[in-house]
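Examining the three-dimensional arrangement
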2 protein chains.
Amino acid sequence: MRGLVAVDWGTSSLRIARMDAQGRVIEERSSAQGILIVPGGDFATVFIAACADWVRADGSFCLMSGMVGSRQGWLEAPYCACPAGFADVAGALAWLMPAPGGARVAIVPGLSCEHDGVPDVMRGEEVQVFGALQVLDLQDATLVLPGTHSKWVTVRGQQIHGFSTFMTGEFYSLLRQHSILSRTLPPEDGALDEAAFDRGVTQALAGGSLLSTAFSVRTLSLMDRMAAQALPSYLSGLVIGEELRASAPAGGMVVVMGAPALAVRYERALAHLGVPTRRVGSEATWRGLWAIAQTLERGTP
Amino acid sequence: MRGLVAVDWGTSSLRIARMDAQGRVIEERSSAQGILIVPGGDFATVFIAACADWVRADGSFCLMSGMVGSRQGWLEAPYCACPAGFADVAGALAWLMPAPGGARVAIVPGLSCEHDGVPDVMRGEEVQVFGALQVLDLQDATLVLPGTHSKWVTVRGQQIHGFSTFMTGEFYSLLRQHSILSRTLPPEDGALDEAAFDRGVTQALAGGSLLSTAFSVRTLSLMDRMAAQALPSYLSGLVIGEELRASAPAGGMVVVMGAPALAVRYERALAHLGVPTRRVGSEATWRGLWAIAQTLERGTP
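Residues numbered from 1 in each chain as written. Chains lettered and ligands numbered in written order. Predicted model: local features only at pLDDT ≥ 70, side-chain atom pairs only at ≥ 80, totals over all residues. Heavy atoms only, no water.

**As for the interface of chain B and chain A**
- The interface is formed by 49 residues belonging to chain B together with 49 residues belonging to chain A.
- Taking both sides of the interface into account, the surface hidden between chain B and chain A amounts to around 3,900 Å²; carbon and sulfur atoms contribute 67%.
- One can count two salt bridges joining chain B with chain A.
- Elements that contribute at least two residues to the side of chain B that touches chain A include exactly strand 8 (111–115), strand 9 (118–122), strand 12 (159–166), helix 4 (168–178), helix 5 (194–206), helix 6 (210–213), helix 7 (215–222) and helix 8 (231–247) of chain B.
- By residue class, the composition of the side of chain B that touches chain A is 23 nonpolar, 13 polar and 13 charged. (Contact = heavy atoms within 4.5 Å. Buried area = accessible area lost by both parts, 1.4 Å probe. Salt bridge = Lys/Arg side-chain N within 4 Å of Asp/Glu carboxyl O. Helix = DSSP H or I, 4+ residues; strand = E, 2+ residues; numbered from the N terminus. Nonpolar A, V, L, I, M, F, W, Y, C, P; charged D, E, K, R; others polar.)

**Concerning the packing of helix 4 (residues 168–178) of chain A against helix 8 (residues 231–247) of chain A**
Residue and element names in this part refer to chain A.
- Across the interface, helix 4 lies against helix 8 with an axial gap of 10 Å and an inter-helix angle of 145 degrees. Crossing of helix 4 over helix 8 shows right-handed handedness. Side by side, helix 4 and helix 8 meet where T168, Y172, L175 and R176 of the first sit next to P232, L235, S236, V239, I240 and E243 of the second.
- Residue composition of the contact of helix 4 with helix 8, grouped by class: six nonpolar, two polar and two charged. (Axes fitted to C-alpha atoms, helices over the stretch in contact; angles between N-to-C directions. Left-handed = near helix turned anticlockwise from the far one by under 90°.)

**Notes on the sheet that holds strand 14 (residues 277–280) of chain B**
All names here are of chain B.
- Strands sit in the order 12-11-10-13-14 across an open sheet of five strands; the sheet is mixed. Only two strands of the sheet have a single partner each, and these edge strands are strand 12 and strand 14. Averaged over all pairs of adjacent strands, the angle between strand axes in this sheet comes to 25 degrees, irrespective of strand direction.
- Strands strand 10 (141–145), strand 11 (150–156), strand 12, strand 13 (254–257) and strand 14 of the sheet are contacted by helix 3 (residues 125–136), whose axis makes an angle of about 130 degrees with strand 10. (Pairing = 2+ DSSP bridges.)

**Quick word on the relation of the copies chain B and chain A**
- Note on the copies: chain B fits chain A at an RMSD of 0.0 Å, the axial shift is 0.0 Å, and the rotation between them is 180 degrees. What the rotation and shift describe, once combined, is the action of a two-fold rotation axis.
- Taken together, the interface assignments show that 100% of the residues at the interface of chain B recur at the interface of chain A, consistent with an identical surface on both copies. (Least-squares fit on C-alpha atoms with pLDDT ≥ 70 in both.)

**Some points on the sheet that holds strand 8 of chain B**
All names here are of chain B.
- Taking strand neighbours across the sheet as the criterion, the three strands line up as 5-8-9 in an open arrangement whose pairing is mixed. Here the strands that pair on one side only, and so sit at the sheet edges, are strand 5 (80–81) and strand 9.
- Where strand 8 meets strand 9, five bridges bridge the pair, whose relative direction is antiparallel. Across the sheet, E114 pairs through a bridge with P119, a residue of strand 9.

**Description of the pairing of strand 11 of chain B**
Residues and elements named next belong to chain B.
- Most of strand 11 is tucked away: five of the seven residues are buried.
- With five bridges joining them, strand 10 and strand 11 adopt antiparallel strand pairing. Note that in strand 11 the partner of T142 across the bridge is T154.
- A loop of four residues connects strand 10 with strand 11, the two strands running antiparallel in sequence.
- Taken together, the seven bridges between strand 11 and strand 12 define a ladder with antiparallel strand orientation. Within strand 12, the position partnered with K151 by the bridge is T165.
- If you look at the hairpin formed by strand 11 and strand 12, you'll find two residues sitting between the two strands, and G157 has a positive phi there, around 60 degrees. (Buried < 20%, exposed > 50% of the residue type's maximum accessible area, 1.4 Å probe, protein only.)

**Quick notes on the confidence of the model for chain A**
- For chain A, the mean per-residue pLDDT works out to 93, and 98% of the residues sit at or above 70.
- Across the whole predicted complex the pTM is 0.93, and at the interface the ipTM reaches 0.93. (pLDDT = per-residue confidence, 0-100.)

**Notes on empty space enclosed by the protein**
Residues and elements named next belong to chain A.
- All chains considered together, the criterion is met by three cavities of 30 Å³ or more.
- The space that makes up the largest cavity amounts to roughly 40 Å³.
- In terms of lining residues, the largest cavity is bounded by F47, I48, A52, V55, R56, P100, G101 and A103.
- Looking at side-chain class alone, the lining of the largest cavity contains six nonpolar, one polar and one charged residues. (1 Å grid on protein atoms, 1.4 Å probe; cavity = no way out; pocket = protein on both sides within 12 Å on 5 of 7 lines; lining within 4 Å. Points joined across faces, edges and corners; volume = space filled by probe spheres on them.)

**Focus on the pairing of strand 9 of chain B**
- By the criterion of burial, strand 9 of chain B is predominantly enclosed, with five of the five residues buried.
- Between strand 8 of chain B and strand 9 of chain B, which follow one another and run antiparallel, lie two residues, and B:D116 among them has a positive phi close to 50 degrees.

**Points about unusual backbone geometry**
Residues and elements named next belong to chain A.
- A cis amide bond links C82 with the next residue in sequence, P83, at an omega value of 0 degrees.
- Mapped onto the elements of the fold, P83 is located in the loop between strand 5 (80–81) and helix 2 (86–90).
- The phi angle at Q158 is positive, at roughly 60 degrees, despite the residue not being glycine.
- As for its position among the elements, Q158 is in the loop between strand 11 (150–156) and strand 12 (159–166).
- The exposure class assigned to Q158 is partly exposed, which follows from its relative accessible area of 22%.
- Unlike most non-glycine residues, D224 shows phi in positive territory, near 55 degrees.
- By the element assignment, D224 lies in the loop between helix 7 (215–222) and helix 8.

Here it is, written out as structure tokens:
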């Protein structure tokens, strides 16, 4: 196949990689032009400005993932139901017709699954997971993608069997900015205080619910039992520990994905549970899109 | 003893009851003048305007509870450590010297306790609990005081042995107003949708953490599996169910206190666990203050 223009277009950012015929990233571009701030919903104009030169130069295929395929995005790509693998996703691409400038542009669908009658969804993370499986050469895995809405993903035989969403990053922000705890916390998070973070993790793992453990941010401060500068790290430990209490597997390795600053915290918290980890960074998205593009070229779906 | 002017002065409200020599409430007054909006911290002026006529007329003793005794209040009444009963609290009153207009005015201290090295505190709820013990004539009890910060209280031999705080009401407001879920929820909560509330309770009781179950508000809406009007009741069931999952006793009766609208929800949720309940309303505060005043008169502390 020719090269690939790989696009990760999320709620708050747009990232693009130009990949050569061997799947190597030649160049990357990124901006804060997430789908929520595309003027007038004119995705084509933003797309052309961002990478039409690459598409034209290489006659490349362009594959996009993320919220660009949601109802608020460029073109809705309906969710694939789990279990789903590369081939399922590659066979359910939403093609932009006509695409700007005559390019071949497709959007990767998100995934859906169901627990006890309640649906769960992801968009974009499925591509990162497929990429991580390539990078680490794994058939089976448990993966965590930390973030505003963390995802815990179970893979069996290179298929995503199911996943769960945790609003961990969002709860941290809500408590940090809008709750009574915000009065106690210093204006800036500052560097990670490892001892305070560890104490938060331990507290959450032993506790029954964040509804209760979160209040300790206030009382430890009120009773002068923890310095104000340490409280953001403690709260971070509480929310991440709460996520792990409800989701971490009893045994086996966990693949931790995403930005280093957050991945380090998850690795540290998982160590409390004696869970070994492996790390995969943001290159997973490009590897995942490349893998889907290859499946498509081979005509296997 | 003479009558009592009983004052419940919290963060966002001021309630006052005039009680006769038999402890009957003759008259009540209330305003939104909570301690956070007392102009210039001039509590004396607000107090005199609110009830000096009652104090002067009866030559009454005045007993106050709530956040008025906090560091941000009129006079700090240091916390009593649990276990603590009527007599402990009555012996640790903070006296206002001089009190406005020569009145005898005292503030009831709050309580503190500790779980696994983490402190917990209450102010005002201890008086409601003492009152409920009087109303129901109980020696031992488990009580819940629902609210912004719900309290679960364990009483043995009329002493408060320990308690736990759950930020349930505050989490509801945070998710309702500031989270991604606010985009899905209708502008007004509307009447309670019992089926949706029950579904939320069931979901939370079976779930591992609100971090995860809260996301179902979004997905049920996204997948058109629940009407928008039902979502606030569902979210209410999720947060109350989460509190019960972490706090409800395996057996025995629970005393549910506070305002009827919220008490009804807790009773309904506790019924899911087969836990019988008894209700005590806002009269508990006056009964509690009266009981402390009586202990004081008898000189037992």
